[in-house]
Amino acid sequence: MPELDSVLNPDHKTHLQQAIENIDTKITRENKLLNHLMARFGEQFIDDALLLYDKQQQRKPVISLGENKAPWQGFHLEDKLAFLQAYPQMSAARGSAFNYTQKRGDTDNIAGLKRRLCGLLGIQAVNTATINDEGFHLVEHLLLRPRSSPSETTDPYWAFGSSITRFSQSTEFPENTTCHSTNHGLQRGDHIIISNTTHYNGHQEVAGADKNEFYIKKTFVKEKENKGQWSMNIHGKDPYSLQLSFVFPDWPARFQEKNFKKLLYDTLISEVPAHLVIYVHWFNQSAMRDFEKIYQLWLAKTATDPSSTWQESLQLLALLRMGKALT
């Protein structure tokens, strides 16, 4: 009709749509549709996965719900769509692993378990080489087993641990021995294994600890070579097999929420195969930088010469505290 634009509201299409279906009805309808599509494949997207986003969250939803609706509702629909769009690849590669010999960062070189967890939890940084926003690392302990040993007398399977620079007699408790180890992180009552000595080898209980030294209930004996190693004694005979560590950053707003952490733990338990033992670590930015620096070097060496990863493997095992998660 001539001059129709001068009569109609410039935003008349939006007003017409709102007259037919308001925003609450739209959210309910789209959620039901997406839930139905996932149910056809036996999947369920947990409704709380996008709960408690920080008000200053930098991410902007592709699906706009208007100024009166919380952004996380847009994220919720958006991540359900992303989950369904990626489902063919996610389902086919559910049991596939990350190939350590190939270039890190390739879109196809992602562990199926990690891809699925990111989809279920609405984590966007599934393919970043370093931590960005809500990304995380998945480490299989068996791959950290040293493939060679710097000592001909040490079995590489058991040659792991943190360094003890020297032993000395405890001044406060003469019946105890002081073990000097920088930033050991041990606490009273921890059970450890000491190796590479002639007198202190074996299972020991930590009787007390300061920042750079700890004490064991063992009589001090001065040795010619006054050095050794310690490792956590929490895995029984095998510290490597059938064990996974998840390394999460502790600074994203959502990761600091108690409810979301519970949801994350529940998702890990339900998605990780039951025969695997899992550990969750929360690293601050400083700890994450240290971890990623060593982890990237370990990955590079693993891809070219796995037998040369001795030092990096020990450092990663020390940072992960042999699976003693700091939750």
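Residue positions within a chain follow its written sequence, with the count starting from 1. Whole-chain, interface and lining totals are the exception, using all residues; otherwise, since this is a predicted model, local features are given only for residues with pLDDT of at least 70 and side-chain atom pairs are given and counted only at 80 or more. Heavy atoms throughout the structure, all of them, feed into the side-chain values; hydrogens and water do not.

(A) Structural context of the overall build of the protein chain. Within the protein chain one finds 9 helices and 10 strands. Partly exposed residues are those whose accessible area sits between 20% and 50% of the maximum for their type, while under 20% is buried and over 50% is exposed, using a 1.4 Å probe and protein chains only. Each of the 327 residues in the protein chain was classed as buried or not, and the buried ones make up 41%. Any two residues having at least one pair of non-hydrogen atoms within 4.5 Å are treated as being in contact. Taking the intrachain contacts of the protein chain between residues at least 6 apart in sequence as the baseline, contacts between residues at least 24 apart amount to 67%. A total of about 18800 Å² of accessible surface is found on the protein chain, and carbon and sulfur atoms cover 52% of it. Per the convention used, a helix needs a DSSP run of H or I reaching at least four residues, while a strand needs a run of E reaching at least two, with both numbered from the N terminus. Throughout, the Shrake-Rupley method with a 1.4 Å probe supplies accessible areas, and for residues the shown protein chains are the sole cover considered.

(B) Structural context of the packing of helix α8 (residues 285-304) against helix α9 (residues 310-319). Between α8 and α9, whose axes approach to 9 Å, the crossing angle comes to 145 degrees. Crossing handedness for the pair α8 and α9: left-handed. Packed against α8, whose contacting residues are Asp-290, Phe-291, Ile-294, Tyr-295, Leu-297, Trp-298 and Lys-301, the element α9 presents Glu-312, Ser-313, Gln-315, Leu-316 and Leu-319 at the interface. In the contact of α8 with α9, the residues fall into 7 nonpolar, 2 polar and 3 charged. To get an axis, a line is fitted to the C-alpha atoms, and for a helix only the part in contact is used. The angle between two axes follows their N-to-C directions and goes from 0 to 180 degrees. Note on convention: near helix rotated counterclockwise from far helix by under a right angle means a left-handed crossing. Clockwise means right-handed. Under the convention adopted here, Pro, Cys and the residues Ala, Val, Leu, Ile, Met, Phe, Trp and Tyr are nonpolar, Asp, Glu, Lys and Arg are charged, and Gly plus all remaining residues are polar.

(C) Seen up close, α8. In this scheme, a helix's expected span is set at 1.5 Å multiplied by one less than its residue total. With 20 residues, α8 ought to run about 28 Å at 1.5 Å a step, and its terminal C-alpha atoms sit 29 Å apart, in line with that. For α8, the complete set of buried residues consists of Met-288, Phe-291, Glu-292, Ile-294, Tyr-295, Trp-298, Leu-299 and Thr-302. On the buried face of α8, the contacting elements are β1 (137-140), β9 (243-249), β10 (277-283) and α9. N-capping of α8 is provided by Asn-284, with a side-chain oxygen placed 3.2 Å from the backbone N of Ser-286. Throughout this description, a polar contact denotes any pair of N or O atoms lying within 3.5 Å of each other; where both atoms belong to protein, one of them has to be capable of donating a hydrogen while the other can accept it, and for residues adjacent in sequence the pair is counted only when both atoms sit in side chains.

(D) Looking closely at the pairing of strand β4 (residues 177-180). Burial of β4 is two-sided: the residues Thr-177 and Cys-179 facing one way and the residues Thr-178 and His-180 facing the other way are all buried. Two strands are said to pair when DSSP picks up at least two bridges between them. Note: strand β3 (residues 166-169) against β4, 4 bridges, orientation antiparallel. When the sheet's bridge partners are listed, Gln-169 is paired in β4 with Thr-177. With 4 bridges joining them, β4 and strand β7 (residues 213-216) adopt antiparallel strand pairing. When the sheet's bridge partners are listed, His-180 is paired in β7 with Glu-213.

(E) Quick peek at a nonpolar patch on the surface. A patch consists of residues exposed above 30% relative accessible area that lack any salt bridge, with like charges linked at up to 9 Å and nonpolar side chains (Val, Leu, Ile, Met, Phe, Trp, Tyr) linked at up to 5 Å. Each reported salt bridge corresponds to a side-chain nitrogen of Lys or Arg within 4 Å of a carboxyl oxygen of Asp or Glu. A contiguous nonpolar patch, built from Met-1, Leu-4, Val-7 and Leu-8 and spanning about 430 Å² of accessible area, is present on the exposed surface. Structurally, Leu-4 can be placed in helix α1 (residues 4-7).

(F) Just the packing of aromatic side chains, in detail. When two rings of Phe, Tyr or Trp (its six-membered ring) have centres within 6.5 Å they constitute a pair, described as stacked for plane angles under 30 degrees, edge-to-face for angles over 60, and tilted for the intermediate range. In the structure shown here, the tally under the stated rule is 14 aromatic pairs. Where Phe-167 meets Tyr-200, the ring centres are 4.2 Å apart and the plane angle is 20 degrees; that geometry is what we call stacked. One end of the pair, Phe-167, is in strand β3; the other, Tyr-200, is in the loop between β5 (191-195) and β6 (202-209), with 33 residues separating them in the sequence. Of the two residues, Phe-167 and Tyr-200, neither departs from the other in class, the shared state being buried. When the ring of Phe-283 is compared with that of Phe-291, the centres are 5.9 Å apart and the planes differ by 75 degrees; the resulting orientation is edge-to-face. Using a relative accessible area of 6% as the deciding quantity, one classes Phe-283 as buried.

(G) Spatial organisation of the nonpolar core. To form a nonpolar core, buried Ala, Val, Leu, Ile, Met, Phe, Trp, Tyr and Cys residues must be joined to one another through side-chain atoms within 4.5 Å. Counting residues in hydrophobic clusters, the biggest one holds 20 residues, and the most contacted among them are Leu-113, Phe-136, Phe-246, Phe-248, Leu-264 and Leu-268. Sorting the residues of this core by element identifies α6 (112-121), β9, α7 (258-271) and β10 as the ones contributing at least two each.

(H) Just the pattern of salt bridges, in detail. Evaluated as defined, the whole model comprises 4 salt bridges. Salt-bridge contacts for Lys-262 lead to Asp-266; the nearest nitrogen and oxygen are separated by 3.0 Å. Separated by 4 residues within a single helix, Lys-262 and Asp-266 lie in helix α7, roughly one turn from each other. Look at Lys-262 and you get exposed, because its relative accessible area is 53%. Asp-266 sits in the partly exposed class, given a relative accessible area of 36%. The partner of Glu-312 in a salt bridge is Lys-301, and the shortest N-O contact between them spans 3.1 Å. On the criterion of sequence distance, the pair formed by Glu-312 in helix α9 and Lys-301 in helix α8 is long-range, its members being 11 residues apart. Look at Glu-312 and you get buried, because its relative accessible area is 3%. Since its relative accessible area comes to 26%, Lys-301 is described here as partly exposed. One connected set of salt bridges, linked through shared partners, spans Glu-43, Arg-116 and Glu-271.

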